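Per-entry structural report
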Amino acid sequence: MMNLLRLLGGRTASAPVARERLQILLAHERGLRGQPDLLGLLRAEILAVVSRHVVLDPEKVIVRMDRGKHVSTLEVDIEVPNGFERSIAAAAT
Amino acid sequence: MAKVLVVTSGKGGVGKTTSTAALGAALAQMGEKVVVVDFDVGLRNLDLVLGAERRVVFDLINVVQGVAKLSQALIRDKRLDNLWLLPASQTRDKDALTDEGVRSVIADLRTKFDWILCDSPAGIERGATLAMRYADEAVIVTNPEVSSVRDSDRIIGMLDSKTVKAERGERVEKHVLITRYDSARAARGEMLSIEDILEILATPLLGIIPESQDVLRASNVGSPVTLNNAASAPARAYVDAARRLLGEAVTMTVPVERKGLMNRLLGRRAA
Ligand SMILES: Nc1ncnc2c1ncn2[C@@H]1O[C@H](COP(=O)(O)OP(=O)(O)OP(=O)(O)O)[C@@H](O)[C@H]1O
Ligand SMILES: [Mg+2]
């Protein structure tokens, strides 16, 4: 049926794509509704944990979520100043 | 008992003002006493669509601030005795509209009208939340397009949490009104179908308003489409939607000028 429509219209039916994208997106957005800002929370706690060991610039902690159809990835990007290994070694002694 | 109905959408330019005017006029024609209230502070348009722009003296904010009495701000429609307009202000100060002010104006309107139709501004900010705050019912105007459906979903979430009814543990009665629907494009699969939209939003359908030149024509001359060309497809669709608001069971069709196959294919009942 879809192929027939395609042939007739000479164009791809884009509505099914629209529908699928919306379903994925809205399932996610509804889940977040009314909940505290998950990424903000993760960022604050990660910052707190890492800061116990390394001196960090809070601005340099980036937490990002990428949504895929089946799995999502959580990306945590922390910039640490050079020489932090020494501060860990110092803390250990 | 008076009913407060908010016409809302999240996304801008989907047809809220057009729908408020058309539904308001249709309800008034059926004998209901109706006031349409423009909540779009700073960007009022309902007066233009109703052809009352030159008769505005006082507005909603004047009433809220006590500068004018409600009776001084209400404008009676020249064609329909039962239809009134409470215009928005052109002020740039959106904070002039307060929750308490809106509460007291709506309470006052409830004693005078059968229907209070609130034309919401676009967005999810203060203006939109105040427009829905005291609503008993909501018409969520949605275009068959991803961004509009997404915003409608967001607005539905707000109706279920930020309204006085929701805070009391009651429910705002919600209806989806699909506007600017192009049945030819939907049949070719270029546009989200009615089924898709209703399934995604999980909210009953109030009506399907076709994309039509008649809407623009009506707004050009300052007359709700239901009055300007009652026989046109969008006018008939709005009248059907208004009858459903009154509780009538009206068979759902996609009104098209050329009656036939398409109509039968797309015909369905209201949820
Ligand atoms: N069924 C329709 N067919 C064709 N044009 C339409 C239809 N409905 C609305 N329009 C046009 O779309 C434009 C936007 O409509 P309208 O002002 O009612 O939207 P709105 O949701 O109130 O916008 P805003 O968010 O800016 O308040 C207008 O030019 C109007 O004439
Ligand atoms: Mg508008």
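Figured I'd write up the structure that's included with this text.

Scoring rules and cut-offs
- Position numbers for residues count from 1 along each chain, tracking the sequence in the order it is written.
- By the order in which they are written, chains take letters starting at A while ligands take numbers starting at 1.
- pLDDT decides what is reported in this predicted model: residues at 70 or higher carry local features, side-chain atom pairs at 80 or more are listed and counted, and totals for whole chains, interfaces and linings draw on all residues regardless.
- Calculation of side-chain values draws on the structure's entire complement of heavy atoms; hydrogens and water are dropped beforehand.
- Only DSSP runs of H or I covering at least 4 residues are called helices, and only runs of E covering at least 2 are called strands; the numbering of each starts at the N terminus.
- Pairs of residues are marked as contacts when any of their non-hydrogen atoms sit within 4.5 Å.
- Computed by Shrake-Rupley with a 1.4 Å probe, the accessible areas treat only the displayed protein chains as cover when residues are assessed.
- Any carboxyl oxygen of Asp or Glu that lies within 4 Å of a side-chain nitrogen of Lys or Arg is treated as forming a salt bridge with it.
- Each residue gets one of three labels from its accessible area relative to the maximum for its type: buried under 20%, exposed over 50%, partly exposed in between, using a 1.4 Å probe on protein chains only.
- Two parts placed together each lose some accessible area under a 1.4 Å probe, and the buried area is that loss summed for both.
- Any residue with a heavy atom positioned within 4 Å of a molecule or strand is treated as near that molecule or strand.
- In protein, a polar contact means a hydrogen-donor-capable atom and an acceptor-capable atom, both N or O and within 3.5 Å, with residues adjacent in sequence counting only if both atoms are side-chain atoms; elsewhere, any N or O pair within 3.5 Å suffices.
- Residues were grouped as follows: Ala, Val, Leu, Ile, Met, Phe, Trp, Tyr, Cys and Pro as nonpolar; Asp, Glu, Lys and Arg as charged; and all remaining residues, including Gly, as polar.
- To get an axis, a line is fitted to the C-alpha atoms, and for a helix only the part in contact is used. The angle between two axes follows their N-to-C directions and goes from 0 to 180 degrees.
- The labels follow the angle: roughly parallel below 35 degrees, roughly antiparallel above 145, roughly perpendicular from 65 to 115, and oblique for the rest.
- Throughout, a crossing is termed right-handed when the near helix is turned clockwise from the far one, and left-handed when it is turned anticlockwise from it by less than a right angle.
- Strand pairing is defined by DSSP finding a minimum of two bridges between the two strands.

This part is about the overall build of chain A. Regarding its fold elements, chain A presents four helices and two strands. Helices (α) and strands (β) of chain A occur, in sequence order from the N terminus, as α-α-α-β-β-α. The contacts in chain A between residues at least 6 apart in sequence include a share of 36% that link residues at least 24 apart. When the accessible surface of chain A is summed, it comes to about 7100 Å², and 58% of that surface belongs to carbon and sulfur atoms.

As a further point, take the pattern of salt bridges. Applying the stated criterion across every chain yields a total of 23 salt bridges over all chains. Between Lys60 of chain A and Asp57 of chain A there is a salt bridge, with its nearest N and O atoms 3.8 Å apart. With a relative accessible area of 33%, Asp57 of chain A lands in the partly exposed category. With its nearest N and O atoms 2.8 Å apart, the salt bridge here joins Glu190 of chain B to Arg188 of chain B. Taken together, the shared-partner salt bridges connect Arg19 of chain A together with Asp196 and Glu199 of chain B into one network.

What follows deals with unusual backbone geometry. Residue and element names in this part refer to chain B. A positive phi angle, close to 60°, is found at Arg180, a residue other than glycine. Inspection of the secondary structure assignment puts Arg180 in strand E7 (residues 173-181). Exposure remark for Arg180: the relative accessible area of 43% places this residue in the partly exposed category. Positive phi, normally seen in glycine, also occurs at Ala202, with a value near 50°. Counting through the fold element by element, Ala202 comes out in the loop between helix H10 (194-201) and strand E8 (205-210).

We now examine the environment of Ala230 of chain B. Residue and element names in this part refer to chain B. In this structure, Ala230 sits in the loop between helix H12 (225-228) and helix H13 (233-245). Taking the C-alpha atoms as reference, Ala230 lies 9.8 Å from Ala26; in sequence the two are 204 residues apart. Residues contacting Ala230, with those up to four places away along its chain left out, are Val225, Ala235 and Arg236.

Here we come to the interface of chain B and chain A. Each partner contributes residues to the interface: chain B has 16 residues there, and chain A has 15 residues. Both faces combined, the contact of chain B with chain A buries some 1400 Å², and carbon together with sulfur accounts for 53% of it. The interface formed by chain B and chain A holds four salt bridges in total. As a salt-bridge pair, Arg19 of chain A and Asp196 of chain B come within 2.5 Å of each other at their nearest N and O atoms. Secondary structure elements with two or more residues in the side of chain B that touches chain A: helix H7 (146-159) and H10 of chain B.

Residues and elements named next belong to chain B. The environment of ligand 1 is made up of 16 residues, and the closest members are Gly13, Lys16, Thr17, Thr18 and Arg180. Within the contact set of ligand 1, an oxygen atom lies 3.1 Å away from a backbone nitrogen or oxygen of Val14. Here Gly15 contributes a backbone N or O atom positioned 3.0 Å from an oxygen atom of ligand 1. Within the complex, 79% of the 630 Å² of free accessible area of ligand 1 lies under protein. Looking at the shell around ligand 1 element by element, the count peaks at three residues for helix H1 (residues 16-29). Taken together, the residues that form the shell around ligand 1 break down as six nonpolar, six polar and four charged.

What follows covers the packing of H1 of chain B against H13 of chain B. All names here are of chain B. Between H1 and H13, the least distance of the axes is 9 Å, while the angle of their chain directions is 65°. One element, H1, and the other, H13, form an angle in the roughly perpendicular class. Seen from above, H1 lies across H13 with right-handed handedness. In contact with Thr18, Ser19, Ala22, Leu23, Ala26 and Leu27 of H1, H13 contributes Tyr238, Val239, Ala241, Ala242 and Leu245. In the contact of H1 with H13, the residues fall into nine nonpolar, two polar and no charged.

Before going further, it helps to examine the pairing of strand E4 (residues 83-86) of chain B. Residue and element names in this part refer to chain B. Side-chain alternation along E4 places Leu83 and Leu85 on one buried face and Trp84 and Leu86 on a second face that is also buried. Sheet analysis places strand E2 (residues 34-38) next to E4, joined by four bridges and oriented parallel. Paired with Val35 across the bridge in E4 is Trp84. In this structure, strand E3 (residues 75-76) lies alongside E4, joined through two bridges in antiparallel fashion. Of the residues in E4, the one forming a bridge with Arg76 is Trp84. Count of turn residues in the E3/E4 antiparallel hairpin: six residues.

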